[in-house]
Number of protein chains: 2
Amino acid sequence: MSKEHRRSQLQSDLKRHPFLTDEELSERFGVSIQTIRLDRSVLGIPDVRERTRILAERNYASVRAIGHAEIVGELLELELGRSGTSLLNTDDSMAFSKTQLVRSHFIFAQADSLALAVIDSDHAVTGLSNAKFKRPVTAGERLLARAEVIRSRDEDESVVLVETTAGGHKVFRGKFVVAQKAAVEDLRAPV
Amino acid sequence: MSKEHRRSQLQSDLKRHPFLTDEELSERFGVSIQTIRLDRSVLGIPDVRERTRILAERNYASVRAIGHAEIVGELLELELGRSGTSLLNTDDSMAFSKTQLVRSHFIFAQADSLALAVIDSDHAVTGLSNAKFKRPVTAGERLLARAEVIRSRDEDESVVLVETTAGGHKVFRGKFVVAQKAAVEDLRAPV
DNA sequence: TGCGTGTTTAATACTAACTATTAGTATGTG
DNA sequence: CACATACTAATAGTTAGTATTAAACACGCA
């Protein structure tokens, strides 16, 4: 196996298995640890601990941002059953790397979770939505979403209108039909 | 500050700032490193490197799912400009903890990113969407999304229809109007 | 006053997974 | 053969620890 081949292999192996130590790599390629270290230094690849740290740090924030939070964005005000406002600071991790334009599903996620927060039923789910992305959002812009309940048919269906602005300009407008309680049971997956 | 107080403080501090070393902690609490180590061992808290590793590993998979990947879900097949299929394995982290129902914006995200993947322009953004969530999805279900380009007006606007199923049942149907190239320039944020 | 107990600190030896540097071997090519 | 390229070895130093033993210190109280 040539040096070039080993190095490109090393690079792709580490992409798939970033937690491999130099020792494990040296066994994998049948060369000495020193050679692996030389390869890494030439390729500009940091050591395991650094790689692990980077992975952990990079993921720490973004997972909190959309992975686990009950609401995407920060809830600024809330009048249950009537209206609410939330703020989302966009960053690089939410955008396409090439264009720096925020992926629309983050904008949607903020609006959707705000709509559900305004309704506040343990069993509310989005049934229908109409969304218009009026202009692209660039990473770094602060998104202010304002939700208003515009119709509430009895207890099991509400219509929420969400408008999102960035620096005063409208970027998104969506209508969410949210189903609650009993209605959810009907919709639930057939067992 | 009592020992008990310090220990509970330590525990919550490390939850918020998991990357603190024993040395930094000893400064923060004004006690020796040894004391911090004693505290950690009593509380069963592993060292920084271990904590970092756990964070990195835990998030490695899930972040790829929605944080950074260019596409949410796994791309199964793709015929550029025509159609595509993607698969998303849902889990607890995508659902409301109380009901185990997957948040709709994950379903939307899969569909949205698939729609964009099918168009494949470096400068494509979603301009409009119409989404219907036909029935709730429970964490654990596998979502198969199928996208089809149904209209392509010249070079700068396409309409993509996405239908998502789980175990053969339709769960989502959405229409995405995707703007490309020059069209994006017009939409772009006013400087 | 002294004794014990709990809490904290110090000291020492050891570990993994490195970096950085210098030197040495092996192999092939002009 | 000489020389370069690639590889390996050896050594010292680093970080962030573990594990263990021992010493200092405060308090409570008989």
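Refer to the structure presented above.
No experiment lies behind these values; they were computed from the predicted model shown.

Next up on the list: the side chain of H105(A). By secondary structure assignment, the location of H105(A) is in helix 5 (residues 104-119). The contact partners of H105(A), leaving out residues within four places of it in the chain, are V72(B), F108(B), A109(B), D112(B) and S113(B).

What follows is about the protein's contact with DNA strand C. Taken together, 14 residues sit near DNA strand C, with V48(A), R49(A), R6(B), S32(B) and T35(B) positioned nearest. Sugar and phosphate atoms represent 70% of those atoms of DNA strand C found within 4 Å of the protein. The contact in question runs from a phosphate oxygen of DNA strand C to an N or O atom on the backbone of D22(A), over 2.9 Å. R6(B) has a polar side-chain atom sitting 2.9 Å from a phosphate oxygen of DNA strand C.

The next point concerns the sheet that holds strand 6 (residues 169-179) of chain A. Taken together, 12 strands build an open sheet; the order of strands is 1(A)-2(A)-4(A)-5(A)-6(A)-3(A)-3(B)-6(B)-5(B)-4(B)-2(B)-1(B) and the sheet is antiparallel. Only two strands of the sheet have a single partner each, and these edge strands are strand 1 (74-79) of chain A together with strand 1 (74-79) of chain B. The average undirected angle you get between the axes of adjacent strands in this sheet is 20°. Of the pairings in the sheet, the one linking strand 5 (residues 157-166) of chain A to strand 6 of chain A comprises 10 bridges and is antiparallel in character. When the sheet's bridge partners are listed, V160(A) is paired in strand 6 of chain A with F176(A).

Residue and element names in this part refer to chain A. In a regular helix each residue adds 1.5 Å, so 14 residues correspond to 20 Å; helix 1 (residues 3-16) covers 20 Å between its end C-alpha atoms and thus fits that length. Residues of helix 1 that are buried: R6, R7, L10, D13 and L14. All buried residues of helix 1 lie within an arc of 130° about the axis, which places them on one face of the element. Turned more than 90 degrees away from the buried face of helix 1 sit E4, K15 and R16, all of them exposed.

Now for the protein's contact with DNA strand D. The local shell around DNA strand D holds 13 residues, among which K3(A), S32(A), T35(A), V48(B) and R49(B) are the closest. Sugar and phosphate atoms form 72% of the subset of DNA strand D atoms that lie within 4 Å of the protein. Take R40(B): an N or O atom from its side chain is 3.0 Å from a phosphate oxygen of DNA strand D. Among the elements of the structure, helix 1 and helix 3 (33-43) of chain A together with helix 3 (33-43) and helix 4 (48-66) of chain B are those that each provide at least two residues to the surface near DNA strand D. Residues belonging to the surface near DNA strand D are distributed by class as follows: two nonpolar, four polar and seven charged.

Two side chains bearing opposite charge may form a pair once their charged atoms approach each other closely. Residue and element names in this part refer to chain A. By the definition in use, this model includes 19 salt bridges over all chains. As a salt-bridge pair, D13 and R28 come within 2.9 Å of each other at their nearest N and O atoms. Of this pair, D13 sits in helix 1 while R28 sits in helix 2 (residues 22-29), and the two are 15 residues apart along the sequence. You can call D13 buried: its relative accessible area is 6%. Accessibility expressed as a relative area gives 44% for R28, which makes it partly exposed. The network of salt bridges with common partners includes R6, R7 and D39.

A few words now on the packing of aromatic side chains. What the rule picks out here adds up to five aromatic pairs over all chains. Ring geometry for F108(A) versus F108(B): centroids 3.5 Å apart, planes at 5°, classification stacked. Here F108(A) is found in helix 5, whereas its partner F108(B) is found in helix 5 (residues 104-119) on a different chain. Comparing F108(A) with F108(B) shows no difference in burial state: the two are buried. Here the aromatic residues F108(A), F176(A), F108(B) and F176(B) are joined through ring pairs into a cluster of three or more. In this structure, R103(A) packs its charged tip against the face of F96(A), placed 4.9 Å from the ring centre.

About the criteria used
- Residues numbered from 1 in each chain as written.
- Chains lettered and ligands numbered in written order.
- Predicted model: local features only at pLDDT ≥ 70, side-chain atom pairs only at ≥ 80, totals over all residues.
- Heavy atoms only, no water.
- Helix = DSSP H or I, 4+ residues; strand = E, 2+ residues; numbered from the N terminus.
- Contact = heavy atoms within 4.5 Å.
- Near = heavy atom within 4 Å.
- Polar contact = N/O pair within 3.5 Å; in protein donor to acceptor, adjacent residues only side chain to side chain.
- Pairing = 2+ DSSP bridges.
- Axes fitted to C-alpha atoms, helices over the stretch in contact; angles between N-to-C directions.
- Expected span 1.5 Å × (residues − 1).
- Buried < 20%, exposed > 50% of the residue type's maximum accessible area, 1.4 Å probe, protein only.
- Arc of directions from axis to C-beta.
- Nonpolar A, V, L, I, M, F, W, Y, C, P; charged D, E, K, R; others polar.
- Salt bridge = Lys/Arg side-chain N within 4 Å of Asp/Glu carboxyl O.
- Phe/Tyr/Trp six-rings, centres within 6.5 Å; stacked < 30°, edge-to-face > 60°.
- Lys NZ or Arg CZ within 6 Å of the ring centre and 35° of its normal.

Structural measurements only, silent on function.
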